[in-house]
Amino acid sequence: AHEPAISRLTMAAQQMELFGYFVLLGLVSGAAYDGLRAIRGELRHAVAVVIAEDCVFIAAVLALSYGLFWRYNQGAIRIYGWIGLAASCGLYQLTAGRYLRRAMQKGLHLLLFPLRYLKKRLTNAYKKSKMKRKERRKARVILKQEKRKTKTQNRGVFRNHQTRKSGFPPNEKDHGL
């Protein structure tokens, strides 16, 4: 009725190995989440996108943890695995997490700096060309208005030069006759 001592040792070794993998998963998932936070710090995200990112991250960690349970414990979920995951994630956040996140953010900032500079230059050039287009359009409109004014004025001048035989400009009753 008693299990042999060798099988108990093997089971304990498997459980310790599984616990170690969960500790490693906690450290890696903490670093991955810090990478996600660094990206969010550098690039603005909408609230819906942040929620979707978090859901995908949680689903990935759950899938990896279930894969570990499946591989090393025949799919049986054990509480010590979750404890190892949570403890190592918390330990990571209390120790290296703060510094690693800052380093990731600075590295990401340095990587994105040329792209931001290029975007700023292209945006400014586009705005200037758009302003020039608006100014040209405005100048065309003003030119057309001036043409209309001069045309109207010329018509008036031409009418004023049409005089009757008496030398006076025509009045409205004469209709130019």
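Just above, that's the structure.
Because the structure is predicted, anything quoted here is derived from the model rather than measured. (Residues numbered from 1 in each chain as written. Predicted model: local features only at pLDDT ≥ 70, side-chain atom pairs only at ≥ 80, totals over all residues. Heavy atoms only, no water.)

What follows concerns a nonpolar patch on the surface. Together, Tyr-21, Leu-24, Leu-27 and Val-28 line one region of the surface with nonpolar side chains, adding up to about 330 Å² of accessible area. Mapped onto the fold, Leu-24 is located in helix H1 (residues 5-42). (Patch = residues over 30% accessible without salt bridge, like charges linked within 9 Å, V, L, I, M, F, W, Y side chains within 5 Å. Areas by Shrake-Rupley, 256 points an atom, 1.4 Å probe, with all protein chains shown as cover. Salt bridge = Lys/Arg side-chain N within 4 Å of Asp/Glu carboxyl O. Helix = DSSP H or I, 4+ residues; strand = E, 2+ residues; numbered from the N terminus.)

Bringing the pattern of salt bridges into the picture now. Per the stated rule, a full pass over the model turns up five salt bridges. The partner of Asp-34 in a salt bridge is Arg-101, and the shortest N-O contact between them spans 3.2 Å. Here Asp-34 is found in helix H1, whereas its partner Arg-101 is found in helix H3 (residues 79-161), with 67 residues between them in sequence. For Asp-34, a relative accessible area of 0% translates into the label buried. Asp-54 is the salt-bridge partner of Arg-40, the closest N and O atoms lying 2.6 Å from each other. On the criterion of sequence distance, the pair formed by Arg-40 in helix H1 and Asp-54 in helix H2 (residues 47-73) is long-range, its members being 14 residues apart. Connected through shared salt-bridge partners, Asp-34, Arg-37 and Arg-101 make up one network. (Buried < 20%, exposed > 50% of the residue type's maximum accessible area, 1.4 Å probe, protein only.)

What follows deals with the nonpolar core. One finds Leu-18, Phe-22, Leu-25, Phe-57, Val-61, Leu-68, Phe-69, Tyr-72 and Leu-85 forming the largest nonpolar core, which totals nine residues. At the level of secondary structure, the elements contributing two or more residues to this core comprise H1 and H2. Counting residues per element, this core draws most heavily on H2, at five residues. Phe-69 has contacts with Leu-18, Phe-22, Gln-74, Gly-75, Ala-76, Ile-77, Arg-78, Gly-81 and Trp-82, leaving out every residue within four places of it along the chain. (Core = buried A, V, L, I, M, F, W, Y, C linked by side-chain atoms within 4.5 Å. Contact = heavy atoms within 4.5 Å.)

Next up on the list: the side chain of Ser-88. Along the polypeptide, Ser-88 turns up in helix H3. Its relative accessible area of 4% is what places Ser-88 among the buried residues. Here Val-23 takes part through its backbone oxygen, which lies 3.0 Å from a polar atom of the side chain of Ser-88. Residues within four places of Ser-88 in sequence aside, it is in contact with Phe-22, Val-23, Gly-26 and Leu-27. (Polar contact = N/O pair within 3.5 Å; in protein donor to acceptor, adjacent residues only side chain to side chain.)

Checked against the element boundaries, Tyr-80 lands in helix H3. For Tyr-80 and Leu-18, which are 62 residues apart along the polypeptide, the C-alpha to C-alpha distance reads 8.9 Å. Excluding residues within four positions of it along the chain, Tyr-80 makes contact with Gln-15, Leu-18, Phe-19 and Asn-73.

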